[in-house]
Amino acid sequence: MLLFEHRLAERGCLLLWLLPSILRAQASEEPRPTGTPCEQSPTKVSCKGVGLHKFPEELGQGVKYLELSNNFIRNLSGSHMPGFGQLEYLDMCFNQLEAVSATTLAQLPQLRSLLLRSNRLDRNYHANGQAFHVLRNIEVLDLSANNLESHMAGWYISNLTRLRTLDLSGNKMTRLPAGIFRSVPRLRKLDLSNNYIMEIEEGAFEALEELEVVNLALNSLHCISGFSLTQLRVLNLSHNALELFISEEGAEPYLLQVLDLSHNRLLYFPELPKAHYLTHLNLSNNLIASLLPGSHHPGEFVLHYKEMARFNRTLHTMAGLTHVADLDLSNNQLQLFPFTFFHSLGSLHSLSLARNCLQDVAGDSLANGTEPSDRSHAPPERAALSVRSLDLHSNAFRVLPRWFFESLPQLETIDLSSNSLQPCKSQGSDWGGNSGGGSHMPVPGDTCTPFYNVPHLKHLSLRKNNITRLHPYAFNQTSLLSLDLSGNKDLFVSKEALAGLEFSLQKLSLRGNQMDNSKAELPCLDTLKVLDLSGNNLSLLPTGLFCSPLESLDVRNNNLPTLEKTAFVSWSRSLKDVSIAGNPFSCCSLAWLDTLQAAGVGVQDLDEALCSYRDESRNFSAKITSNPWWLCPRPKGTSSLALLVVVTSLCFLSSGACCLLKKGQKSRGCAGLQSNRVGVLPRHPRREEPAEVKPADSITKV
C-alpha cells in the first residue's frame, strides 16, 4: 500500500513537471488564421470592414477589383504588392490614409479607378500629389471629404491627363482659380458640391471642352454671369446664394438638358435665351415674385451687379425653352399666374407653382408688361398650354376663372389642396346632369370654381379647401379616377354630389372631415376600389357603397359600434384589406370580424383595435384580438342548469377519451384539455376559437 502511494506521488510530480510542455503543445496545435478574412474570386477581392491596418499581400494573381474600404490603413508608402499588376479598380474609402508613395503606385500601371473618399489626404499633400503623377492611366478619381483646400486639390490632379470623372465634394475649397483644371482636359463629370466656393475665376473651366456634368450644389456662389459652358448637359447649382444667373451671349447654342437652381435667392427668372435642349428646370425655393416682363421685386432686395445693365427681363427669355418638359417654380413669392408667360413652352408637361402666394390667374396678353385690370375673367388669347400635371397646392386661390380648364386641354392631374376653392353646382344638373351650352360663360362676381365638363381630368385634389357643401353634379362629365376631398371640416356631400362619377371613380378620400351619417349620402360607385372614410363621425357605413367593388377600406377613428355584415358580404369577393382602429366596437357584436376573416380580408391594424363591454354599470375595453366574448351576456332562453349539464357532460366525455388513449398508449400521459372551445354551447355572436382567457385585472378599464 505504501509502495502504491509512493508511485502515485511520483506520477503526480511527473505530470506537474510535464504540464507546461503539454499546454505549449496544445497551444501549438490550435488552428491559426490563414490569410485575411476577405471574400475572393478569380478577379475580385473584397476586404471591406475587416480591420486591416496595412495593404494586404499575396491575395493571388490576376486581381482586377480590390475593395479595402472601412479599414484602418494609414499609408501606402513602401508597400510591396506582388500580383496586383493587373489591378484596375481600387477602393480605399473611409480609411486613415495620409501617405502615398510613387514607388507603391508605380506597381499599379493598369489602375483606372481610385476611390479615396474620407481619408486624411490634406496631410502630406505635396508628397502625395507628386506620387499621383505616376497614375498615367487613371480615369476615375474620388478625393471627396479629405479636407482639401483649393490649391491642394489642384496639385493632386495636376498631371492626370486621362481623367474622366473627378469627385472633390465635401472638401474645404473656397475658390476655383483660372487653370485649375488645365491638366485634365478630357474631364466629363465633375463634382464640387458641399464646399465653400465663393468665386469662380474666368477661365477656370476653359480647358474642359468635353465637360458634360457639373455639380456645384451646397456652396456659397452669389452670381453667375457669363455662363459659357455650352457643351454642358447637367448643371446643379442648388443650395447656393445665387441672386443672378445670366448666360453668355453667343451664336453657339447650349446643349444643357438639366438645370437645378433651387434653394437660392433668385429674384427673377434666369435668362437662358439659347437653351434649346433644356428639358428639366428647377427654380423652387427662390425669391421670384413675378414672371411678368419689366416687373420689379417688391421687397428690399437690390442687386449691385454690373451685369444687371444687360439683363433683359422680357418674354424672349422663354422663347428658346421649347423643349422644357418639367418646370418647378414652387416655394417662391409669386402672386399672379400668367398664362402668356408659358405660351412658348410647347413641350411643358409638368408644372409646379405650389407654396407660392398665388391669388389670381392672368389670361390676357402681357406684351405691354402690365398686369391686367380684370384678370380673373379675361379670356386668354391662344392660351392653350400642353401641361398634363399641375401642382397649385398651398396658395391663396379663392376662385379659378371659368376658362381655366379650357386653356389646359391636356390636363390630367391637378393638386389644388390647401387653397380656398368652392366647387360650383353644375348649371345643367336641373335637366339630368347634361351641362348646358352656357355653362362656361363668364359670370361676374363668381365665388365658386366649375369642376364639371373637364373631360381629360383624371386626378383632382381639393384637400383642405374649407369646402362646406358639395353641390349636386359638381363633377359631372369629368371622368375622374381619383378624388381627394379630405380635410374639409363639416363637409356636406349632397345626395347627387358625385353623380356622373359612377362609372369612372376608383379612389375616393373623405378623410378627416368630421362628417356624420347625414352628411355622407354617397351613391353607388360601380368602379370604386379605394375608399378612405377615416377621421369622421360615422356610426353607419354609407349603404350606397355596398355595390362598389372595394379592395381597400379605411374607417379608422369613427363612431362605428359594428360593421354591417351586409356590406362585407357584398365586398367579400373584392375586399383585400381594411383599417378599423379607433371605433367604439361592442365586444358582444363581432360577427362581422368572423365574416372578414373567413373571406381572407387582411385587417391592417387588428392589434390596435379595441372593443368595449359593460359590467356592473362600468365600461371596460379590451383588445379585439383577445376574443372577449365570454364576458358577454348569454342569449335569452338559455338555462344556466342546461349549460352546466352540457359542460359537465363534455368534461366526462373528455376524461373518458383520455383514459382510453392512456390504455392504448401506455407510454404517454393523459394530458388535460388543450382547447377551451366548447362546440355545443348555445349559439353565440362570436363563433371563433377564443384565445387564452385573461384575468379580470388584466382588462383595461375605460
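Here, every reference points to the structure presented above.
Since the model is a prediction, treat every value here as computed from it, not as a measurement.

Draft legend 1. Just a negative patch on the surface, in detail. Among the surface-exposed residues, Glu202, Glu206, Glu209, Glu248 and Glu249 lie close enough to one another that they form a single negatively charged patch. Within the secondary structure, glutamate 249 sits in the loop between strand 16 (244–247) and strand 17 (258–260).

Draft legend 2. Focus on the layout of surface pockets. Computed from the structure, the largest pocket encloses a volume of approximately 720 Å³. Lining the largest pocket are 29 residues, and of these Ile200, Glu201, Glu202, Ser225 and Gly226 sit closest to its centre. Elements with a contribution of two residues or more to the lining of the largest pocket: strand 12 (199–200) and strand 14 (223–227). Sorting elements by how many residues they give to the lining of the largest pocket places strand 14 first, with 5 residues. Grouping the amino acids of the lining of the largest pocket by side-chain chemistry returns 17 nonpolar, 7 polar and 5 charged.

Draft legend 3. Structural context of the environment of alanine 106. Here alanine 106 is to be found in the loop between helix 2 (102–105) and strand 7 (113–115). Between the C-alpha atoms of alanine 106 and alanine 131, which are 25 residues apart in sequence, the distance is 8.7 Å.

Draft legend 4. Layout of the packing of aromatic side chains. As enumerated under the stated definition, the model contains 19 aromatic pairs in all. Ring centres 5.5 Å apart and planes at 45° place the aromatic pair phenylalanine 227 and phenylalanine 245 in the tilted group. Placement of the pair is phenylalanine 227 in strand 14 and phenylalanine 245 in strand 16, with a sequence separation of 18 residues. Phenylalanine 245 carries the same exposure label as phenylalanine 227, and that label is buried. Seen in terms of ring centroids, phenylalanine 339 and phenylalanine 404 are 5.8 Å apart; in terms of plane orientation they differ by 90°. Their pairing is edge-to-face. Of this pair, phenylalanine 339 sits in the loop between strand 20 (336–338) and strand 21 (350–352) while phenylalanine 404 is found in the loop between strand 23 (389–391) and strand 24 (413–415), placing the two residues 65 residues apart along the sequence. Exposure class is identical for phenylalanine 339 and phenylalanine 404. Each is buried. An aromatic cluster of at least three residues, connected via ring pairs, comprises Phe269, Phe337, Phe339, Phe341, Phe342, Trp403, Phe404, Phe405, Phe451 and Phe475.

Draft legend 5. How the structure looks around the state of the cysteines. According to the stated counting rule, one finds 4 disulfides in the structure shown. At a sulfur-sulfur separation of 2.0 Å, the disulfide partner of cysteine 38 is cysteine 47. A torsion of 110° about the S-S bond marks the disulfide between cysteine 38 and cysteine 47 as right-handed. The exposure classification of cysteine 38 matches that of cysteine 47, with both residues buried. Between the sulfur atoms of cysteine 524 and its disulfide mate cysteine 547 the distance is 1.7 Å. Its S-S torsion of about 120° marks the bond between cysteine 524 and cysteine 547 as right-handed, since a negative value means left-handed. In this pair, cysteine 524 is assigned in the loop between strand 29 (507–509) and strand 30 (530–532) and cysteine 547 in the loop between strand 30 and strand 31 (552–554), connecting sequence segments 23 residues apart. By relative accessible area, cysteine 547 is classed as partly exposed at 38%.

Rules used throughout
- Residues numbered from 1 in each chain as written.
- Predicted model: local features only at pLDDT ≥ 70, side-chain atom pairs only at ≥ 80, totals over all residues.
- Heavy atoms only, no water.
- Patch = residues over 30% accessible without salt bridge, like charges linked within 9 Å, V, L, I, M, F, W, Y side chains within 5 Å.
- Areas by Shrake-Rupley, 256 points an atom, 1.4 Å probe, with all protein chains shown as cover.
- Salt bridge = Lys/Arg side-chain N within 4 Å of Asp/Glu carboxyl O.
- Lys, Arg positive; Asp, Glu negative; His and termini not counted.
- Charge placed at Lys NZ, Arg CZ, Asp CG, Glu CD.
- Helix = DSSP H or I, 4+ residues; strand = E, 2+ residues; numbered from the N terminus.
- 1 Å grid on protein atoms, 1.4 Å probe; cavity = no way out; pocket = protein on both sides within 12 Å on 5 of 7 lines; lining within 4 Å.
- Points joined across faces, edges and corners; volume = space filled by probe spheres on them.
- Nonpolar A, V, L, I, M, F, W, Y, C, P; charged D, E, K, R; others polar.
- Phe/Tyr/Trp six-rings, centres within 6.5 Å; stacked < 30°, edge-to-face > 60°.
- Buried < 20%, exposed > 50% of the residue type's maximum accessible area, 1.4 Å probe, protein only.
- Disulfide = S-S within 2.5 Å.

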